[in-house]
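Notes for the structure review
Below, each chain spelled out in residue letters.
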Amino acid sequence: MSWRGILHYAWKSLLYYLLLAVAVYLVHDHFEVAYLSIPFNTVTALSTALAIFLGFKSNSAYERWWEGRKIWGLLVNYSRAWTRQVITMVIPSEEAEAAAVKELQRRMVYRHIAFVHALRVFLRLKHAYNITAQEEIYEETNIYTDIQAFLQKDEFEAFYHKNNPPNFLLELQGEDLRQAFKRGWVSDYRFVKLEDTLVEFNNIQGMSERIKNTPFPRQYSFFSRVFVFIHASLLPFAFVSEMGMATIPVSVMISFVFLALDLVGERIEDPFENKLEDVPLTALSLTIETNVKEQWGDQDFPVKQTTQEGIVL
Amino acid sequence: MSWRGILHYAWKSLLYYLLLAVAVYLVHDHFEVAYLSIPFNTVTALSTALAIFLGFKSNSAYERWWEGRKIWGLLVNYSRAWTRQVITMVIPSEEAEAAAVKELQRRMVYRHIAFVHALRVFLRLKHAYNITAQEEIYEETNIYTDIQAFLQKDEFEAFYHKNNPPNFLLELQGEDLRQAFKRGWVSDYRFVKLEDTLVEFNNIQGMSERIKNTPFPRQYSFFSRVFVFIHASLLPFAFVSEMGMATIPVSVMISFVFLALDLVGERIEDPFENKLEDVPLTALSLTIETNVKEQWGDQDFPVKQTTQEGIVL
Amino acid sequence: MSWRGILHYAWKSLLYYLLLAVAVYLVHDHFEVAYLSIPFNTVTALSTALAIFLGFKSNSAYERWWEGRKIWGLLVNYSRAWTRQVITMVIPSEEAEAAAVKELQRRMVYRHIAFVHALRVFLRLKHAYNITAQEEIYEETNIYTDIQAFLQKDEFEAFYHKNNPPNFLLELQGEDLRQAFKRGWVSDYRFVKLEDTLVEFNNIQGMSERIKNTPFPRQYSFFSRVFVFIHASLLPFAFVSEMGMATIPVSVMISFVFLALDLVGERIEDPFENKLEDVPLTALSLTIETNVKEQWGDQDFPVKQTTQEGIVL
Amino acid sequence: MSWRGILHYAWKSLLYYLLLAVAVYLVHDHFEVAYLSIPFNTVTALSTALAIFLGFKSNSAYERWWEGRKIWGLLVNYSRAWTRQVITMVIPSEEAEAAAVKELQRRMVYRHIAFVHALRVFLRLKHAYNITAQEEIYEETNIYTDIQAFLQKDEFEAFYHKNNPPNFLLELQGEDLRQAFKRGWVSDYRFVKLEDTLVEFNNIQGMSERIKNTPFPRQYSFFSRVFVFIHASLLPFAFVSEMGMATIPVSVMISFVFLALDLVGERIEDPFENKLEDVPLTALSLTIETNVKEQWGDQDFPVKQTTQEGIVL
Amino acid sequence: MSWRGILHYAWKSLLYYLLLAVAVYLVHDHFEVAYLSIPFNTVTALSTALAIFLGFKSNSAYERWWEGRKIWGLLVNYSRAWTRQVITMVIPSEEAEAAAVKELQRRMVYRHIAFVHALRVFLRLKHAYNITAQEEIYEETNIYTDIQAFLQKDEFEAFYHKNNPPNFLLELQGEDLRQAFKRGWVSDYRFVKLEDTLVEFNNIQGMSERIKNTPFPRQYSFFSRVFVFIHASLLPFAFVSEMGMATIPVSVMISFVFLALDLVGERIEDPFENKLEDVPLTALSLTIETNVKEQWGDQDFPVKQTTQEGIVL
């Protein structure tokens, strides 16, 4: 979030601060309405409460964002582990089955790439409660059709119409494991071990959904914005009698500091919303796709496309 | 919590703040009782202590609420895993048993939906120590009879009279696993693996009960309310000599900020109480029911009913 | 901790605050000893440091108490799991052994109830470093003899003379598992699985002992009390010149707020000491006893005895 | 840390505070050097920053100390579990081997006591970066020769010359498990289970080494001390014009409060350094030795030796 | 970070503070431009917000650094465990294979040393977003060619050209395990157990990459620097009217305290960047190499090279 970014989100507020400060200064000094001034202590009393709110909010917003990042970090780790486990633990019981095993392994490895992309798309769908009036600088589009390449044709059809598409892919993986077990390609024990890794993916998906579907309690966001507004509105009245014209730059500057604190937290508190400040799901998905393909021995690595700012979302 | 919400909970306090400020102003300015004023420093000394209390309380309340949400997030994840494991790991030892296995699987999958709904009802029962004088805007009703559809008739009868009904359902699941093991449908190893998933449900239930049955230490709630009241009562005395009539709006506004901080925490600190600000147990239960039915291949998904505000509790 | 509770613990300090404030007021105003007054800034400088200490202490005390509660929550969860596992996983290898298996299961289930009660008693024994001069409003008694009913006679004898009695019960459970394994009632795999649950109990016991035996560093408790005392002693000197008689109620009130913050933390920081504010070990033990008996099919549930305040310790 | 303790560490600083305050008072009041006084606001600005530093430092120091304590708590738990597992899971395949199995079990159980003591000694060795100019009130000596009694003679010789002696003992335990497996005394599955417990000991040792070898970032310790010094040096200048002679006791008292905050954190931030405020490794080792011997059936429990203050380090 | 260190990073800012304070003093006092002064309260209002930012930043920076250290602590623990497991769990099925097993074990143990060094080099590569204008006091070089000694020649060739070289080494370990399983040197169960330890390494690598590739949100770093600058720029204006010449040392000193707080956090927030304040990856890698070689029985331990300050990076 550079100056350009902050101005994009804050210009309306800044304009308000400026106009208010100018108005208070003019009314107080030129029309000599002395009782417009209030003692500075009133603002001090408020800024303590504001400090608590903003500190708490920054911290919680950062923790949500960082938890989102951790979850997708786990997805990186277990994607590599899953690929290695599929390659090393599914073993033909006789030589003649080698090709069939290879085909099954390939299907399971590519279906996992599909799962990763599907989870990205699923998380970035807009819900009613995520839509805000705020216009974004940059927005990603995430659609399921990119995933077609990693699935069998009929699997993709079924997948596309499911209520919870990524979960459906985990079911298919489970089904393939059951078949592999029945044909003796995995022992009882290795069957369960691979299934354990699928449980990790259940957890990763569910944790991501939790952050997506449970926004930071709206009352906190709402009140921090209201309190920043009240605080900024009182500032020029508190400064005007002592500082005269200097009221204008100083009160705008101080109001801006509090606003920036509020904004920075707000931009990261919901990390799966196609925004510049998101956890970079697209970049992470492409990293996983590259790692998994390298492990499987394929070379057609995807290319990361960066925004103008050099960011991959 | 919108303005409507906050006014619902705060109007009595706000009225008190207003009347007190008006009274102090009238007595001080019109009857000229000068010694009514106290220096502002006294309030500063108090607001530091109040800041500590409220910051600590907001943080702890949010953590309780978020822990409650995490626990039910785990229930989502393991419900999906349990369904997949029952489907893929229970395997007939001979072809003739396929129908019997299918029936057992169906019973175990639907009994799990019953467990989820039973846990919701169990957590939302009112206990003596949860009843407050506060009237709620909206209240959910949660009763065990919805669960009848997911259980065998005799199972429901026994379930209904148990001291701890959800725990009883886990016992039944264990009993079915034992039978499946005896008939050779699960190996020794898969038996224990499925039992492991039941232990996860024990943990989920127990963690939910812990939050339900151990309210945030009452001394903290009690004193934060008392301190907010003392602070608000001192404010007009501290302002009146310097600010005159402006005392009224400013002291009400600042008192309101501290009250809001206290209230917002208090509304979420007990997250299983049929309130608007609860962890949305009903919505989560219906999500799980939908996911599990989709995995099993059924299509009769439940419909989520929203409140006027568009919230599913 | 109601008003009655706080007065029980704080009356000596409050009396001191009152007498000091009266004395300072009289000497300053009536004998006109003007240099008794100090500027308010000195108190401000101190209250910042005090704020850090008290905030840090409240937080740490609450975390210790909540960790204690979490540990006993785990004991609830794993007690239910252990009972189910003993019932479903110990399987007679031939029909004739059914009664012997049943008897073994019963012994292991009831011995677990004994373990829970034994851990409660063990944790609530008074150690030299836990004894304070503070007289308690209510105190629990916890003695080992209640446990006799859940153990074989000779087991109880041996148990009673051990250095670490609860740990001895886990050894006996291990010994019984070894016997069950030797007779073929549990497979190699189920043997180890049940042993895993015993390791959970080792962890639960050890974590409880850690909190019991490692009090919150005494230097923090000591200095927070000293600093609250210094702060309260300076307050009337700082107020007296500006506020006159109002010094008395205001300085007592503000001192009380800081004292209350200190006390509330202190009452919960050691959660296994037979106090009203303890983690309610007795209530939790009785809940476990009820759950385990319900799972085993017995009906003689214990009755919870409440104190006058309706609290089960 | 009693008054005696705090004076031991703080007397030099207190003397400086006293002399400075006296000097400032004399120069200002007696020689009437008025411009020596600075406004109180400068100190306020500094004390905010100092508050952040000290709060952050107290918290981090306590967390390091408490993490150290938790790690050794785990060692208590897994020592009991290991002993029980060795006793119940190593089973002679035929009657004739009973004595040999017993001997192996004894070796493994006593070698574990050796591991615990060895880890204590290893952690309390002084490293260059742990040596400070501070003289200690009490210091423990920890040497490897106490451990001789728990090991075979040749094992002790090899152990004594290793780069990492405790890790060597875990290797020997692994080697004995391999032998037990080869002779059929543990099954494949139980072999791995016991090895899992050894991995816990790897983790416990490694976590302890992490805290020992990575001191709290020196820049934080260094600056907090510097800032406390700057703050204390400014205080008498800020007080002298308003308070006259009262400057001396009040500025020393306030400086002392900040110093105490800094010191209390510093004394516990490195918890394995043979200090009074250490995590009590010796006491914990002796508790483990007692528990393990009780489980094995031996009665020669070690005696805990207390310091004059009644503390076992 | 000693005085030398802090001056290296801070001298430009300090020079600015000094020149500004001198200029403000001269203009105000000598040219008597009285309206240059602003009331101190404006700075107070700002320093609250700054306090929140810096406290939050210190805390988060320390947590990132400490998490980095914990991750590499896990690598120490599991490296020791992996070595022991390879040595004890891979067992020749017949005597004739002993030498082949020994060779396989040696390859897997040394390949693990290669993995550790490869991860160090991989993490310390410079990325575009890690390059700052700041010149470093000391920089490490980390290159892959040191690793040649621990790998087979052809393995090193393939390794060197991979997109993710450390992950490739884990694949090779998996492949060797599969071979060992096929030849009967590890059972089904031990195969999976060793594979589990590889999953730990996946996690360790992935967690390290997460910290490396996801810098602390740039908006926080950016604004804390801006706010420290604004705060420092206002200070001399706030002091000059009351303090005259003393403005110069006092405002530089206070500005420096805030700057130091900002800098200390910033230096540790990205812990894998070849800096003096890094998590000491080189020292840790050499410790692991030494431990692993000692376990394997080799004596050619690497020598740690210290910088002039006696630090191993």
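About the thresholds
- Residues numbered from 1 in each chain as written.
- Chains lettered and ligands numbered in written order.
- Predicted model: local features only at pLDDT ≥ 70, side-chain atom pairs only at ≥ 80, totals over all residues.
- Heavy atoms only, no water.
- UniProt positions renumbered as here; feature names shortened; annotations may be inferred.
- Helix = DSSP H or I, 4+ residues; strand = E, 2+ residues; numbered from the N terminus.
- Rg over C-alpha atoms; globule rule 2.2 N^0.38 Å.
- Buried < 20%, exposed > 50% of the residue type's maximum accessible area, 1.4 Å probe, protein only.
- Contact = heavy atoms within 4.5 Å.
- Areas by Shrake-Rupley, 256 points an atom, 1.4 Å probe, with all protein chains shown as cover.
- Lys, Arg positive; Asp, Glu negative; His and termini not counted.
- Charge placed at Lys NZ, Arg CZ, Asp CG, Glu CD.
- Salt bridge = Lys/Arg side-chain N within 4 Å of Asp/Glu carboxyl O.
- Phe/Tyr/Trp six-rings, centres within 6.5 Å; stacked < 30°, edge-to-face > 60°.
- Lys NZ or Arg CZ within 6 Å of the ring centre and 35° of its normal.
- 1 Å grid on protein atoms, 1.4 Å probe; cavity = no way out; pocket = protein on both sides within 12 Å on 5 of 7 lines; lining within 4 Å.
- Points joined across faces, edges and corners; volume = space filled by probe spheres on them.
- Nonpolar A, V, L, I, M, F, W, Y, C, P; charged D, E, K, R; others polar.
- Buried area = accessible area lost by both parts, 1.4 Å probe.
- Polar contact = N/O pair within 3.5 Å; in protein donor to acceptor, adjacent residues only side chain to side chain.
- Core = buried A, V, L, I, M, F, W, Y, C linked by side-chain atoms within 4.5 Å.
- Axes fitted to C-alpha atoms, helices over the stretch in contact; angles between N-to-C directions.
- Parallel < 35°, antiparallel > 145°, perpendicular 65-115°, else oblique.
- Left-handed = near helix turned anticlockwise from the far one by under 90°.

Within an unreviewed UniProt entry, the label attached to chain A reads Bestrophin family protein, and the organism entered is Pontibacter locisalis. In the Subcellular location (unreviewed entry) part of its UniProt record, chain A is described as follows: "Cell membrane". Under Sequence similarities (unreviewed entry), UniProt gives the following word-for-word description of chain A: "Belongs to the anion channel-forming bestrophin (TC 1.A.46) family."

A look at the overall build of chain A
Helices and strands together make up the secondary structure of chain A, namely nine helices and zero strands. Written out in order from the N terminus, the α and β elements of chain A read α-α-α-α-α-α-α-α-α. For 313 residues, the compact-globule formula gives about 20 Å, and the C-alpha radius of gyration of chain A, at 27 Å, lies well above that figure. Its C-alpha atoms give chain A principal-axis dimensions of about 100 × 35 × 30 Å. When the 313 residues of chain A are sorted by exposure, 65% land in the buried category. Contacts in chain A between residues far apart in sequence, at least 24 positions, make up 79% of those at least 6 positions apart. Entry remark: accessible area of chain A is about 11500 Å², with carbon and sulfur atoms responsible for 57%. Here chain A contributes 30 positive and 37 negative side-chain charges, whose respective centroids are spaced 3 Å apart.

Observations regarding the arrangement of the chains
Nowhere do chain A and chain D come into contact; their C-alpha atoms are at least 12 Å apart. The least C-alpha distance between chain C and chain E, which are not in contact, is 12 Å.

Considering the pattern of salt bridges
This model, assessed by the stated rule, comprises 110 salt bridges over all chains. In this structure, Glu266 of chain A and Arg225 of chain A form a salt bridge, with 2.9 Å as the shortest nitrogen-oxygen distance. Of this pair, Glu266 of chain A sits in helix α8 (residues 247-269) while Arg225 of chain A is found in helix α7 (residues 218-243), placing the two residues 41 residues apart along the sequence. Residue class for Glu266 of chain A comes out partly exposed when judged on its relative accessible area of 29%. Given a relative accessible area of 32%, Arg225 of chain A falls into the partly exposed group. A salt bridge links Glu67 of chain E to Arg210 of chain E; the shortest N-O distance between them is 2.8 Å. Note that Glu67 of chain E is positioned in helix α2 (residues 40-89) and Arg210 of chain E in helix α6 (residues 188-213), a separation of 143 residues in sequence.

Let's talk about the packing of aromatic side chains
Overall, the coordinates contain 125 aromatic pairs over all chains when judged by the stated rule. When the centroid spacing of 5.7 Å and the interplanar angle of 80° are considered together, the rings of Phe56 of chain B and Tyr62 of chain C count as edge-to-face. Here Phe56 of chain B is found in helix α2 (residues 40-89), whereas its partner Tyr62 of chain C is found in helix α2 (residues 40-89) on a different chain. For Phe56 of chain B, a relative accessible area of 8% translates into the label buried. Every member of this aromatic cluster is reached through a ring pair, and the members are Phe53, Phe56, Phe216, Tyr220, Phe222, Phe223 and Phe227 of chain A together with Tyr62, Trp65, Trp66 and Phe256 of chain B. It is Lys102 of chain B that lies over the ring of Trp296 of chain B; its NZ or CZ is 5.2 Å from the centre.

A look at empty space enclosed by the protein
All names here are of chain E. Within this structure, the stated rule accounts for one cavity of 30 Å³ or more. Roughly 30 Å³ of internal volume is contained in the largest cavity. The wall of the largest cavity is formed by Tyr17, Leu20, Ala232, Pro236, Ser251, Val252 and Ser255. For the lining of the largest cavity, the secondary-structure elements that each account for two or more residues are α1 (3-30), α7 (218-243) and α8 (247-269). Ranked by the residues each element gives to the lining of the largest cavity, the list is headed by α8, at three residues. Of the residues contributing to the lining of the largest cavity, the split by class is five nonpolar, two polar and no charged.

Looking at the interface of chain C and chain B
Taken together, the 52 residues of chain C in the interface contact 53 residues of chain B. At the boundary of chain C with chain B, total buried surface from both sides reaches about 4900 Å², with 67% on carbon and sulfur atoms. Interface area lost by chain C to chain B is led by Arg80, Arg84 and Glu294 of chain C, which between them contribute 14%. Summed over the shared surface of chain C and chain B, the result is four salt bridges. The tally of links between chain C and chain B comes to 16 residue pairs in polar contact (both at pLDDT 80 or more). Of all the secondary structure elements, the ones that give two or more residues to the side of chain C that touches chain B are α1 (3-30), α2, α6 (188-213), α7 (218-243), α8 (247-269) and α9 (281-296) of chain C.

Some details on the nonpolar core
Nonpolar side chains tend toward joint burial in soluble globular proteins. If you look at the biggest cluster of nonpolar residues, it comprises 513 residues, and the most contacted ones within it are Trp72 of chain A, Trp72 of chain B, Trp72 of chain C, Trp72 of chain D together with Trp72 of chain E. Aside from chain neighbours lying at most four places away, what touches Trp72 of chain B is Val116, Leu119, Arg120, Leu123, Ser208, Phe272, Leu281, Leu284 and Ser285 of chain B.

Overview of the packing of α2 of chain C against helix α8 (residues 247-269) of chain D
With their axes 10 Å apart at the nearest point, α2 of chain C and α8 of chain D run at an angle of 15° to one another. It follows from the interaxial angle that α2 of chain C and α8 of chain D lie roughly parallel. The handedness of the crossing between α2 of chain C and α8 of chain D comes out as left-handed. Contact residues: Thr42, Ala45, Leu46, Ala49, Ile52 and Phe53 of chain C in α2 of chain C; Val250, Ile254, Val257, Phe258 and Leu261 of chain D in α8 of chain D. Classifying every residue of the contact of α2 of chain C with α8 of chain D by side-chain character gives ten nonpolar, one polar and no charged.

A closer look at the UniProt feature "transmembrane region" (unreviewed entry) in chain A
All names here are of chain A. Per the UniProt record, "transmembrane region" (unreviewed entry) is annotated on residues 9-27, 33-56, 222-240 and 246-265. Structurally, residues 222-240 comprises 100% helix and 0% strand, and the distance from its first C-alpha atom to its last is 29 Å. Overall, residues 246-265 shows 95% helix and 0% strand. The separation of its end C-alpha atoms is 30 Å.

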